[in-house]
Structure formats: C-alpha cells, structure tokens
Amino acid sequence: MSDELLFDSERQERRAHKKRLLIPLLVLAGILIAVTVIALILRSGKNPVHPAGEDTLYPYTWQVRSDGSLLLEIPHTDAPDYRWTPANTEPLQILEAQREEKERNSTTRFILSPKEAGRDMVRLKLQRESEGASEAGSEPASKEEALALGYAAPDPEDVIFELTLLVEFTREGDELTGAVLSSSGVRHQGVLHGGDASANPYRIYGKDKARVTVAVKAASDEQDWSCEILSGEDSVEIDGLLYELGEVLVHLRAGETPGESELVLRSEAAAAEIRLRCVREEDASLLVTEHQAQLRDKPEQNPGGQEPDESGNAKPDALIESVSAEADHAEATGD
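Since the model is a prediction, treat every value here as computed from it, not as a measurement.

Reading guide: rules and limits
Residues numbered from 1 in each chain as written. Predicted model: local features only at pLDDT ≥ 70, side-chain atom pairs only at ≥ 80, totals over all residues. Heavy atoms only, no water. Helix = DSSP H or I, 4+ residues; strand = E, 2+ residues; numbered from the N terminus. Buried < 20%, exposed > 50% of the residue type's maximum accessible area, 1.4 Å probe, protein only. Contact = heavy atoms within 4.5 Å. Polar contact = N/O pair within 3.5 Å; in protein donor to acceptor, adjacent residues only side chain to side chain. Pairing = 2+ DSSP bridges. Axes fitted to C-alpha atoms, helices over the stretch in contact; angles between N-to-C directions.

A. Quick look at the overall build of the protein chain. Counting its regular elements, the protein chain contains four helices and 19 strands. Burial statistics for the protein chain: of 335 residues in total, 36% are counted as buried. Within the protein chain, contacts between residues separated by at least 24 positions form 56% of all contacts whose residues are at least 6 apart in sequence.

B. Region of the structure containing the environment of Glu162. Looking at the secondary structure, you find Glu162 in strand β8 (residues 159-172). Not counting the four nearest positions on each side in its chain, Glu162 is found in contact with Arg123, Leu124, Lys125, Ser184, Gly185, Val186 and His188. A polar contact of 2.8 Å, which involves the side chain of Glu162, links it to the side chain of Arg123.

C. Inspection of the side chain of His291 at higher detail. Its location among the elements puts His291 in strand β18 (residues 286-296). Judged by its relative accessible area of 1%, His291 is buried. A polar contact is formed between the side chain of His291 and the side chain of Tyr202, at a distance of 2.8 Å.

D. Main features of the sheet that holds β8. Strand order in this open sheet of four strands is β4-β7-β8-β9, and the pairing throughout is antiparallel. The open sheet has two edge strands with one neighbour each: β4 (82-86) and β9 (175-187). Direction aside, neighbouring strands of the sheet carry axes that sit 25° apart on average. Bridge count between β8 and β9: twelve bridges; the pairing is antiparallel. What sits directly across from Leu165, in β9, is Ser183.

E. Geometry of the sheet that holds strand β12 (residues 211-217). Read from one edge of the open sheet, five strands run β10-β11-β12-β15-β14, paired in antiparallel fashion. Whereas interior strands pair on both sides, the edge strands pair on one side only; in this sheet they are β10 (192-194) and β14 (236-244). Pairs of neighbouring strands in the sheet enclose a mean axial angle of 20°, with direction left out of account. As paired elements, β12 and strand β15 (residues 247-254) share seven bridges and run antiparallel to each other. Paired with Arg211 across the strands is Arg253, a residue of β15.

Below you can see the structure in the form of structure tokens.
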C-alpha cells in the first residue's frame, strides 16, 4: 500500500495533466509522419536527375520526363556570351531536339523527344550569342531575320566547344523512354580580335578543331607578310599563306606532337608584327592561347596636315605595342 494518500480528484487532475502533455506530442508526431509519407510519394513519382559529362569542360544533367522525353540541362557560366545550339548537319533520325529559348543562370535546356526506338548522335555547339538576342529573348532564324531585327547573326566561326551525346530511346510497352548513354567534348578556337585601332586589324578563328586561321588586313603595297615558327615546331604547322580581298590569310594546322609553340607574323612594308602562342591538345585540337602585336596607328584622312605617304595614307607617328595579350577563348574556358 502506498505511503502517499491521494484523493480521487488529485488522480484525475494528474491524468488530465498527462493528457495535455501527450496530445501535442502525438499531433506533432502525426504531422511528421504525414510529411514524410507525402515526400516519399512525390519522390517516387519523379524521375531522378542524372549528372554526366564530368570528364568534359561542361558537365550536364539529364532527366526522363513523364512522357519519356529527356530534359537536358547544360550550364555555360564561364562563357555567358555564348549559348548551346544544335550542330547536327543532317536531320536526326529517332528524335527531335528542341531548345528552350529562355535561360536561367546561364544554363541552356533542351527537350529531346523520341520519334521511334533506336540511337542517335546529338551534336551541340557552344556558340557566341547574337548581339541583342538576350534582350529579344530568342535567336534569329536566319541572317536576314537578324538584320531585320537590328542585330548581327551568330558568327558560325565563333564556337568554343562541341559536345556529342549518344542518346537511346527504348520501347517499354506502348511508350518510348530515353537515356543518355555517353558523351564526349572537343574544344574549338573561338574568334579573337586585335589591332582594331591600327592600320592592320586582325582576327583569329578556327576552321575545325585542328586548323586555325589568322586574317590580317593588308594594303595593296603590303604583300611581304611572312610567318615563322619560333618554338614548338612539332606542335604546329604552317598550312599556307595567301592574299585575298585585302587580307593576308595565314593557315595553321595542329602538328604531330602535343605541346606549346610560338609563331610570329611580320611585314616590313606594314611595319607590323604579330606574335602567337598556341597549344596542340592531346585530342589533336589547336588553340591560340595568347596573341600580342606591334602595329601602326590607323591613318586618318588628313591628320594635322601630315603629308601622305606613297600609298596615300598619312605617315604614322608611332607603333601600337601589345595590342592584345590573353586570348578571349582562354578566359572563357578558365584556362
């Protein structure tokens, strides 16, 4: 028998106190259980997001949507002025690739919709966006449309990366569902500019992953341009030098051995010199990582009453040194 004497009213009060403590705890536990069950139900109904492309410069993710199509998301935060665009030269056989025009956080989204079961190689290129296209909200369908809208169409030569995906769609019952099986990427030489305020402005661009062209504006009496490899002869080759439509074109090709090389373009008649640093990658791609120049000032119509020279241009007072240093492509890719 207990030493403590309790009245019945006290027992009832203690029971009521315990109930007041237990009921909120039971309600809270029930809410937590309900939230967990709902989360599991929602998660079970949503397909997982698959990370891929970690071995390339631009990792991406893909996800199977409810209708079996694929949602592909590829960031390009290191190159915000560029945008992923389809690059297949022939129509895809088993799928259609549609790009969403609006981007968030410099991420391009594609919907890959199946037409039939099978495999396709999907090629995408990271290309400089049209000037003004981000404000307009969409890319022009053609150069003529771009000009009508008042801004330039994308430069087909200004591509810094190409991504190739192997995509498969399989039939499951009456539906098709897709997956990205593998991917690979190749860097390309984007368009670089230099000497814009000089008499010999130049641009550098890639023809394909293994070939780079340097185009320098040259007057009719500046036909003595030459190109010399200073170092890394096994990593780069001079594939030709010709004059065309007021420019001297120097074609470079990747050599047999990966590594860096240095070249110089000179013209005594133009009093100009352009130095390049190139790298031949393991995948046989050729990239210009640095370019510097010593160029004459751009001649004015009649600056200060100066006497024109034999070609009709005003005589230059000085040279422009180190017109451009780090290549824009190296900045864009973070190298």
